[in-house]
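Listed below are the residues making up each chain.
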Amino acid sequence: MPRTVRSATVLVVLFAAAFASRLQAQVSPQFNVSLNPSIVTVTQGSTTSFTVNIVVNERPQFDFTVSGLPGGIVAQVSPGHPGANTIVLSASPNASTGTFNVHVTTLAGNNPQSQSFTLNVKPLPMVQWEYQVEKAATEDDLAAAAARLGQQSWELISVVYRERGSKGLPEWTGFFKRLKRQTHGD
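Note on numbering: residues in each chain are counted from 1, in written sequence order. The predicted nature of this model means local features are confined to residues of pLDDT at least 70 and side-chain atom pairs, given and counted, to a pLDDT of 80 or more, with totals for whole chains, interfaces and linings taken over all residues. Remark: hydrogens and water are excluded; side-chain values derive from all non-hydrogen atoms of the structure.

Q: Got a minute to help me understand the side chain of T106 in this structure?
A: Within the secondary structure, T106 is located in strand β7 (residues 98-108). Classification of T106 as buried rests on a relative accessible area of 0%. Not counting residues within four places of it along the chain, the set of residues in contact with T106 comprises F31, V33, V52, I54, F62, D63, F64, N111, P112 and Q113. Put simply, DSSP H or I for four residues or longer makes a helix, DSSP E for two residues or longer makes a strand, and each gets a number counted from the N terminus. In this scheme, a residue with accessible area under 20% of its type's maximum is buried, one over 50% is exposed, and one in between is partly exposed, where area comes from a 1.4 Å probe on protein chains only. Throughout, a contact is declared for two residues whenever any of their heavy atoms are within 4.5 Å.

Below is the structure:
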């Protein structure tokens, strides 16, 4: 075989080998994945997020799969990219509560990698109200009572006016509410 044909053949083989190794790298790139934070907390009826960090020398697209989520929790997942990727978790008001081990699988080509985190789902806090009724003989007296109670976080929710007794004396009744103060004993 002449020397120029041999040199061309060697170049073609080297080019093909380089091209094939490049294809293999795109099909199954090597990458590292980490999750932050490792413990995620969400309350029923709210949302939270966590970050999937991907370190890779190439620019492939990544797909995420989230498994182990309890009932009522939905993950909003988009195609991934190198760097920081945010996954949002939405909890319905009746989502299962407790502590769950959740797995995130990151896939690029034929190379899957899995990481886990702990998901704490807390119950929706119970809102408790306390109520108060104020009666006043004049509209100004009720307004003064409302101003005083407003400084203590009371909200005026309704006013009823009536004339009482045989003489038709005016009476204003104000109905107030505020969030019940929680103590450590509750």
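Q: I tried to follow helix α2 (residues 139-150) on my own but got confused; where do I start?
A: Helical geometry: 3.6 residues make up each α-helical turn, so side chains three or four residues apart lie on a common side. For a helix, the expected span equals 1.5 Å multiplied by the number of residues minus one. Its twelve residues give α2 an end-to-end C-alpha distance of 16 Å, which sits within 8% of 16 Å, the value for a rise of 1.5 Å per residue. Among all positions in α2, only L142, A145 and L149 are buried. When α2 is viewed along its axis, its buried side chains cluster within an angular range of 60° and face the same direction. Along α2, exposed side chains directed more than 90 degrees from the buried face belong to E139 and D140. Each direction from the helix axis to a C-beta atom contributes to the arc, which is the arc of those directions.

Q: I would appreciate a short explanation of the pattern of salt bridges in the present structure.
A: Opposite charge on two side chains lets them pair, provided their charged atoms get close. What makes a salt bridge here is a side-chain nitrogen of Lys or Arg within 4 Å of a carboxyl oxygen of Asp or Glu, nothing more. Scanning the model with the defined rule gives four salt bridges in all. Between R164 and E171 there is a salt bridge; the shortest N-O distance is 3.3 Å. Since its relative accessible area comes to 37%, R164 is described here as partly exposed. You can call E171 buried: its relative accessible area is 9%. Each of the salt bridges in this network shares a partner with another, and the network as a whole consists of R162, R164 and E171.

Q: I tried to follow the sheet that holds strand β10 (residues 155-164) on my own but got confused; where do I start?
A: Consider a sheet: its strands pair through backbone hydrogen bonds, and that pairing is either parallel or antiparallel. In spatial order, the strands read β9-β11-β10; together these three strands make up an open sheet with antiparallel pairing. Unpaired on one side and paired on the other, β9 (129-136) and β10 mark the two borders of the sheet. Each strand axis lies, on average, 20° off the axis of its neighbour in the sheet, ignoring direction. For two strands to be treated as a pair, DSSP must find no fewer than two bridges joining them. In this structure, β9 lies alongside strand β11 (residues 169-179), joined through eight bridges in antiparallel fashion. Bridged to A136 within β11 is W172. Along the sheet, α2 contacts β9, β10 and β11; its crossing angle with β9, the most-contacted strand, is approximately 150°. A fitted line through C-alpha atoms represents every axis, and for helices the fit uses only the stretch in contact; the resulting angles, taken between N-to-C directions, go from 0 to 180 degrees.

Q: What am I meant to see in a nonpolar patch on the surface here?
A: Note that patches include only residues with greater than 30% relative accessible area and no salt bridge, and the join distances are 9 Å for like charges and 5 Å for nonpolar side chains (Val, Leu, Ile, Met, Phe, Trp, Tyr). For the accessible areas, the method is Shrake-Rupley and the probe is 1.4 Å, while residue cover comes only from the protein chains on display. A surface patch of nonpolar side chains, about 520 Å² in accessible area, is lined by V127, W129, Y131, I157 and L179. Take L179: it is sitting in strand β11.

Q: Quick question: what am I supposed to make of the pairing of strand β3 (residues 47-56) here?
A: On any regular strand, side chains alternate: one points to one face of the sheet, the next to the other face. Burial along β3 is one-sided: the face carrying T48, F50, V52, I54 and V56 is buried and the face carrying T47, S49, T51, N53 and V55 is not. Relative to β3, strand β1 (residues 31-36) runs antiparallel, the two sharing six bridges. Among the inter-strand pairings, N32 is bridged to a residue of β3, identified as V55. Relative to strand β6 (residues 83-91), β3 is paired through eight bridges, and the arrangement is antiparallel. Across the sheet, I54 pairs through a bridge with G83, a residue of β6.

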